[in-house]
Amino acid sequence: MKRTDLENNSERTASWTAASLTAASAVAALALASLGSGAFGGVPVQDAAGGYLSSTATPVAPATTAFSIWSVVYLGLLAYAVWQLLPAGRRSPRQRAIRPWAAASMLLNAAWLWASQLGSLPATLVVMLALLAVLVRIAVLQWSVPPGSRAEAIASDGTFGLYLGWICVATVANTASLLGWALGIRPGDPAPSLPGGIPAEVAAAVVLAVAAAVGVGLALRGSWAPLVAIAWGLAWIAAARLTGPLAMPAVGIAAGAAAAVVLAAGVLARFAPSRGLRTRAPREAHA
């Protein structure tokens, strides 16, 4: 057998192995996530860690409905796991670079759920930050090379874009939960002020403005999926603060305005001339 044939066989074997391991990671991660979420016993996430992860724990906690986005993300991860097993996915140099990070993101999600079951807020934030870093790395890899097909744009860019956007919002909520726990503020109790006399409403508005700025930045890159997820999360923070047991109208209005700004930036970036708001050519815009 010629050396070239041996090299080709070796590459095919390596691609099959990597793709299979990624698919196995997806299945294992989703199974672990189901167990860690309390779906088959245990404590539901909203009741874990003393209630600090519930929708009424802090001023920037989204309403319960917001978490339904996980159904879309999980379906997307399964679709990605299947697609990257197909010939186009296995042969893609782009996916060879993304694949290990994709597997890591799935396993870190399961790890976060298990950390919440253990009731350790510091551990949940450490895992969340690691997950955010991995998803940012995936985004950078995706931005560096456009998707090779519509299927790849949906299965890879769309899925991990939604995942990244939601984790941006979840990181804000997780950080606020840890801060509330560290300051001894009970979940659901309005915080009169933070250290230094900063009103909770002001601190929340600043955090929401930062989240909106991240969404606008993603919009300027032509990245629709993450900004949609960020706007979704911000809108449900608004809903939770405008009504319900932890109603804080000022925070609700700020969150609603932040969501509107993110969506407006996405629309403007989509329809503005290429010399305007967009930072990359339309043909290179990602899902």
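One can find the structure itself at the top, above this paragraph.
Presented here is an overview of the structure given in this document. (Residues numbered from 1 in each chain as written. Predicted model: local features only at pLDDT ≥ 70, side-chain atom pairs only at ≥ 80, totals over all residues. Heavy atoms only, no water.)

## Let's talk about the layout of surface pockets
Then step 1. Roughly 610 Å³ of volume is contained in the largest pocket.
Then step 2. Along the walls of the largest pocket sit 27 residues, with Val-45, Phe-67, Trp-70, Trp-112 and Leu-113 positioned nearest its centre.
Then step 3. At the level of elements, α1 (3-36), α2 (69-83), α4 (93-117), α5 (121-144) and α6 (150-182) are the ones that each hand at least two residues to the lining of the largest pocket.
Then step 4. For the lining of the largest pocket, the element with the highest residue contribution is α6, accounting for seven residues.
Then step 5. Looking at side-chain class alone, the lining of the largest pocket contains 18 nonpolar, nine polar and no charged residues.
Then step 6. What the second largest pocket holds in volume is close to 500 Å³.
Then step 7. Along the walls of the second largest pocket sit 30 residues, with Val-60, Val-172, Thr-175, Ala-176 and Val-207 positioned nearest its centre.
Then step 8. Going through the elements one at a time, α6 and α7 (200-220) are the ones with two or more residues in the lining of the second largest pocket.
Then step 9. Across the lining of the second largest pocket, the residue classes tally to 23 nonpolar, five polar and two charged. (1 Å grid on protein atoms, 1.4 Å probe; cavity = no way out; pocket = protein on both sides within 12 Å on 5 of 7 lines; lining within 4 Å. Points joined across faces, edges and corners; volume = space filled by probe spheres on them. Helix = DSSP H or I, 4+ residues; strand = E, 2+ residues; numbered from the N terminus. Nonpolar A, V, L, I, M, F, W, Y, C, P; charged D, E, K, R; others polar.)

## What about the packing of aromatic side chains?
Then step 1. By the definition in use, this model includes six aromatic pairs.
Then step 2. With a centroid separation of 5.4 Å and 85° between ring planes, the pair formed by Phe-67 and Trp-166 is classed as edge-to-face. Taken together, the residues span a long stretch of sequence, with Phe-67 in the loop between α1 and α2 and Trp-166 in helix α6 at a distance of 99 residues.
Then step 3. The partly exposed category is assigned to Phe-67, whose relative accessible area is 34%.
Then step 4. Between Trp-70 and Tyr-163, the ring centres sit 5.9 Å apart and the planes meet at 75°, which makes this aromatic pair edge-to-face. Taken together, the positions of Trp-70 in helix α2 and Tyr-163 in helix α6 put the pair 93 residues apart, joining distant regions of the chain. For the pair Trp-70 and Tyr-163, one class covers both residues: buried.
Then step 5. When the ring centre of Trp-143 is taken as reference, the NZ or CZ atom of Arg-221 above it lies at 4.2 Å. (Phe/Tyr/Trp six-rings, centres within 6.5 Å; stacked < 30°, edge-to-face > 60°. Buried < 20%, exposed > 50% of the residue type's maximum accessible area, 1.4 Å probe, protein only. Lys NZ or Arg CZ within 6 Å of the ring centre and 35° of its normal.)

## Here's the deal with the packing of α7 against helix α8 (residues 224-242)
Then step 1. Direction vectors running N to C along α7 and α8 enclose 155°, while the axes themselves pass 9 Å from each other. Regarding the angle of α7 to α8, the classification is roughly antiparallel. Both α7 and α8 take part in a crossing whose hand is left-handed. Residues Leu-208, Ala-211, Ala-212, Val-214, Gly-215, Leu-218 and Ala-219 of α7 form the contact with α8, whose own contacting residues are Pro-226, Leu-227, Ile-230, Leu-234 and Ile-237.
Then step 2. Counted by class, the contact of α7 with α8 contains 11 nonpolar, one polar and no charged residues. (Axes fitted to C-alpha atoms, helices over the stretch in contact; angles between N-to-C directions. Parallel < 35°, antiparallel > 145°, perpendicular 65-115°, else oblique. Left-handed = near helix turned anticlockwise from the far one by under 90°. Contact = heavy atoms within 4.5 Å.)

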